[in-house]
Protein chains: 4
Amino acid sequence: MLKIIAQSLGSVLLIASFPSFASEPALVDRTITLKNISDAEQAWCNALIDISSVNTKEGQAAAKKLAEKVIDSAYGYQFGTVAFKPTLTVNPQTFRTSRDGALAYFVGGDASFPKDTGFALKDWTKCEVTNAAVLLLGNYANSMGKVKMTDKKGGVTTVDKTWGWVKDDKGQMRIVLHHSSLEFAGQ
Amino acid sequence: MLKIIAQSLGSVLLIASFPSFASEPALVDRTITLKNISDAEQAWCNALIDISSVNTKEGQAAAKKLAEKVIDSAYGYQFGTVAFKPTLTVNPQTFRTSRDGALAYFVGGDASFPKDTGFALKDWTKCEVTNAAVLLLGNYANSMGKVKMTDKKGGVTTVDKTWGWVKDDKGQMRIVLHHSSLEFAGQ
Amino acid sequence: MLKIIAQSLGSVLLIASFPSFASEPALVDRTITLKNISDAEQAWCNALIDISSVNTKEGQAAAKKLAEKVIDSAYGYQFGTVAFKPTLTVNPQTFRTSRDGALAYFVGGDASFPKDTGFALKDWTKCEVTNAAVLLLGNYANSMGKVKMTDKKGGVTTVDKTWGWVKDDKGQMRIVLHHSSLEFAGQ
Amino acid sequence: MLKIIAQSLGSVLLIASFPSFASEPALVDRTITLKNISDAEQAWCNALIDISSVNTKEGQAAAKKLAEKVIDSAYGYQFGTVAFKPTLTVNPQTFRTSRDGALAYFVGGDASFPKDTGFALKDWTKCEVTNAAVLLLGNYANSMGKVKMTDKKGGVTTVDKTWGWVKDDKGQMRIVLHHSSLEFAGQ
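Worth saying up front: this structure is predicted, and the values here are computed from it rather than measured.

> Outline the pairing of strand E6 (residues 173-182) of chain A, listing residues and values.
All names here are of chain A. With 10 of 10 residues buried, E6 lies mostly within the body of the structure. As judged from the three bridges shared by strand E2 (residues 83-85) and E6, these two strands associate in the parallel manner. The residue of E6 that forms the bridge with Phe84 is His178. In this structure, strand E5 (residues 156-167) lies alongside E6, joined through nine bridges in antiparallel fashion. Bridge pairing in E6 places Val159 opposite Leu182. Linking two consecutive strands that pair antiparallel, namely E5 and E6, is a turn of five residues; a positive phi of about 90° is found at Gly171 within it.

Below, the structure written as structure tokens:
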């Protein structure tokens with residue numbers, strides 16, 4: 001009975017001093033912030049330019065090696081798949097749900113994806129993201145907007161892009177969804 | 001020592017009969033299933049056809065009224081915005097982050113969105129979804145795939161589409177992300 | 001090649017001016033912050049004191065009415081159930097997975113819960129929360145710590161408490177999990 | 001008009017055969033199911049019994065080694081902290097937000113936690129979980145109920161227990177919240 005317990009233990013309860021915690025509680029924070037997103041978007045842009053640059057200076061094999069590193073650190077293929085619709089793919093290989101498909105899209109040279117010439121090899125020198133909408137849904141977030149890429153000849157390609165983000169167990173942002181499309185040219 | 005506790009408290013503990021619960025625990029289930037997604041996708045398709053049909057039979061005003069009902073029940077504008085990139089929009093109104101912008105896209109007739117002629121008014125009679133990738137991330141999910149729409153003359157439009165889904169507080173699936181794009185026509 | 005695309009589609013692409021967005025994207029933010037949690041915890045404490053105060057001044061019926069309002073605005077019974085283990089309940093009614101069970105615990109007077117005398121009616125005048133750990137997991141969060149309640153005679157009850165929080169569709173914090181227990185008195 | 005688009009781009013669109021996907025989309029499923037929970041709960045029970053058994057047969061050092069393995073595979077300390085309120089801890093060490101604190105609780109022998117005698121060393125031979133409420137909130141879930149543990153002399157300890165679960169990046173269930181308390185003995 002608590003009455004009995006209270007009799008035998010109760011004095012302890014009453015004299016128990018209130019515990020002193022550190023001023024801040026121990027904290028786990030797996031939420032995604034706007035800054036996490038803009039940093040990760042800019043990292044994607046920088047990686048695109050880096051792959052182009054390595055391709056120019058060291059060739060496709062080196063560019064491919066870098067692209068693998070980028071994919072393995074920035075995408076979430078280790079979760080099983082990524083919902084990836086790149087800008088310039090056609091049927092029946094529109095969607096690149098495997099790591100191989102993503103790699104082929106970025107650097108080409110894969111006989112299984114014969115139409116891929118390597119989007120990241122197009123001499124990109126500048127890449128800017130402007131978000132139209134951001135959804136912070138917890139440990140998942142979406143960003144949607146325009147990405148404007150400039151090549152070394154000054155040619156500009158602007159795409160409509162959606163990214164879906166998770167934070168992995170180490171707090172690293174990873175792309176689990178990527179839908180990119182050329183702007184609709186009008187009617 | 002627990003032994004000592006057991007001695008002082010244990011008689012109570014020992015005679016405590018194990019509580020009998022109903023065979024199943026009280027349950028809250030806010031997760032999204034594959035079936036939730038395919039049902040909601042088909043509901044989107046059906047709504048598109050319904051709006052077309054109402055437009056033909058009763059005119060644009062009735063179609064608009066139905067479209068409002070569809071948007072209010074199937075999209076998540078009440079959360080503040082929806083990340084919506086419709087198939088056929090152009091700058092500077094590519095993204096329809098407001099309910100008004102979504103409505104104008106589907107049924108036109110809004111002077112603020114002068115290029116919108118009403119995507120849902122194009123006499124659609126058939127609409128099929130084939131998912132390429134689905135991400136069940138908890139109370140958020142993504143689906144990405146092809147949506148093939150047929151009009152009454154047999155014309156077919158196939159788009160690459162991504163939807164982001166949440167379950168609202170009542171368990172209703174809602175679109176919080178929608179990126180649709182014409183297939184890339186190749187090179 | 002993108003060059004070839006640029007030739008066929010590019011005139012439009014090249015003249016497309018980059019869209020000007022508002023400086024900030026349209027935003028949905030459903031994440032839970034530390035401040036959301038401390039505000040909601042303090043609101044729980046304040047409600048406890050308010051119910052005690054109303055009980056003293058206006059009687060149990062008025063206290064019950066207020067308690068209903070508190071439960072309906074601060075707990076998540078509308079989602080189907082709340083995982084609620086109050087401090088002072090015994091078998092077979094330890095867990096209060098229904099709204100009725102929660103109400104009976106706080107204000108008593110329910111023949112279906114004959115052992116409930118009304119925890120919120122114990123003349124509480126002060127209530128303080130000190131968190132030991134907080135988990136911000138996205139649109140769900142946990143806080144665990146000590147809650148120290150003082151009654152009008154200066155009696156102090158300190159409990160170990162865990163709360164699980166969601167933000168509902170309107171952004172309101174709601175308790176979906178509540179486990180409270182007397183401090184273990186030692187051995 | 002889509003008709004005009006169809007005229008300019010349409011030959012490609014119209015001849016595009018509908019892509020044939022595998023019958024099922026590529027899938028990521030990070031949701032937590034009722035079965036995931038009951039399996040993980042039973043695994044926790046089994047680990048408790050195993051540690052007791054190893055302690056009896058091989059001594060505390062071996063039990064400690066096993067407990068470390070259990071903690072590292074079943075709890076989420078790698079995320080920064082676990083919100084852990086064990087059954088039999090007292091101020092100022094009620095909460096075990098560090099891995100060291102959890103280990104000391106289960107197997108004792110840590111001078112920094114002088115009151116810990118090792119809960120898992122109490123010769124447990126049987127452990128049963130009965131859930132009263134389960135909340136499936138996506139990639140997070142809560143279970144709350146009774147855990148009834150029997151030692152080799154037939155002594156029974158029943159506790160009220162709440163667990164908070166996440167699936168880690170590899171799909172492994174991990175405890176990020178654990179609140180355990182002796183049953184309230186009544187008044």
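Here the narrative resumes.
> Before we move on, can you summarise the sheet that holds strand E5 (residues 156-167) of chain B with the specific residues and values?
In space, the six strands of this open sheet follow the order E2(B)-E6(B)-E5(B)-E4(B)-E3(B)-E1(D), with mixed pairing throughout. Each of the sheet's edge strands pairs with one partner strand only, and the pair in question is strand E2 (83-85) of chain B together with strand E1 (26-29) of chain D. Each adjacent strand pair in this sheet contributes to an overall mean axis angle of 30°, direction not counted. Of the strands in this sheet, strand E3 (124-136), strand E4 (140-151), E5 and strand E6 (173-182) of chain B together with E1 of chain D are in contact with helix H2 (residues 34-58) of chain B, which crosses E3 of chain B at around 155°.

> Before we move on, can you summarise empty space enclosed by the protein with the specific residues and values?
Taken as a whole, this structure holds 13 cavities of 30 Å³ or more when the rule is applied. In this structure, the largest cavity occupies an estimated 260 Å³ of space. Along the wall of the largest cavity there are 20 residues; nearest its centre are Leu137 of chain A, Asn139 of chain B, Asn139 and Tyr140 of chain C together with Leu137 of chain D. Within the residue set of the lining of the largest cavity, elements represented by two or more residues are E5 of chain B together with strand E5 (156-167) of chain C. Of the residues assigned to the lining of the largest cavity, the class counts are 11 nonpolar, four polar and five charged.

> I'd like a description of the sheet that holds strand E4 (residues 140-151) of chain C, backed by residues and values.
Picture the strands of a sheet paired through backbone hydrogen bonds; they go either parallel or antiparallel. Reading across the sheet, the six strands line up as E1(A)-E3(C)-E4(C)-E5(C)-E6(C)-E2(C) and stay open at both edges, with mixed pairing between neighbours. Bordering the open sheet on either side are strand E1 (26-29) of chain A together with strand E2 (83-85) of chain C, each of which pairs with just one other strand. Neighbour-to-neighbour, the strand axes of this sheet turn through a mean angle of 30°, independent of strand direction. Note: strand E3 (residues 124-136) of chain C against E4 of chain C, 11 bridges, orientation antiparallel. Its bridge partner being in E4 of chain C, Trp124 of chain C is matched across the sheet by Asp151 of chain C. In this fold helix H2 (residues 34-58) of chain C packs onto E1 of chain A together with E3, E4, E5 and strand E6 (173-182) of chain C, with an angle of close to 155° to the strand it touches most, E3 of chain C.

> I'd like to hear about the packing of helix H3 (residues 60-74) of chain C against helix H4 (residues 99-107) of chain C, residue by residue, with values.
Residues and elements named next belong to chain C. Contact geometry for H3 and H4: axes closest at 10 Å, N-to-C directions at 135°. Comparing their axes, H4 and H3 come out oblique. Judged by the sense of rotation from one axis to the other, the crossing of H3 with H4 is right-handed. Contact with H3, carried on its side by Gln60, Ala63, Lys64, Ala67, Glu68, Ile71 and Asp72, involves Arg99, Ala102, Leu103, Phe106 and Val107 of H4 and no other residues of that element. Counted by class, the contact of H3 with H4 contains seven nonpolar, one polar and four charged residues.

Conventions used here
- Residues numbered from 1 in each chain as written.
- Chains lettered and ligands numbered in written order.
- Predicted model: local features only at pLDDT ≥ 70, side-chain atom pairs only at ≥ 80, totals over all residues.
- Heavy atoms only, no water.
- Buried < 20%, exposed > 50% of the residue type's maximum accessible area, 1.4 Å probe, protein only.
- Helix = DSSP H or I, 4+ residues; strand = E, 2+ residues; numbered from the N terminus.
- Pairing = 2+ DSSP bridges.
- Axes fitted to C-alpha atoms, helices over the stretch in contact; angles between N-to-C directions.
- Contact = heavy atoms within 4.5 Å.
- 1 Å grid on protein atoms, 1.4 Å probe; cavity = no way out; pocket = protein on both sides within 12 Å on 5 of 7 lines; lining within 4 Å.
- Points joined across faces, edges and corners; volume = space filled by probe spheres on them.
- Nonpolar A, V, L, I, M, F, W, Y, C, P; charged D, E, K, R; others polar.
- Parallel < 35°, antiparallel > 145°, perpendicular 65-115°, else oblique.
- Left-handed = near helix turned anticlockwise from the far one by under 90°.

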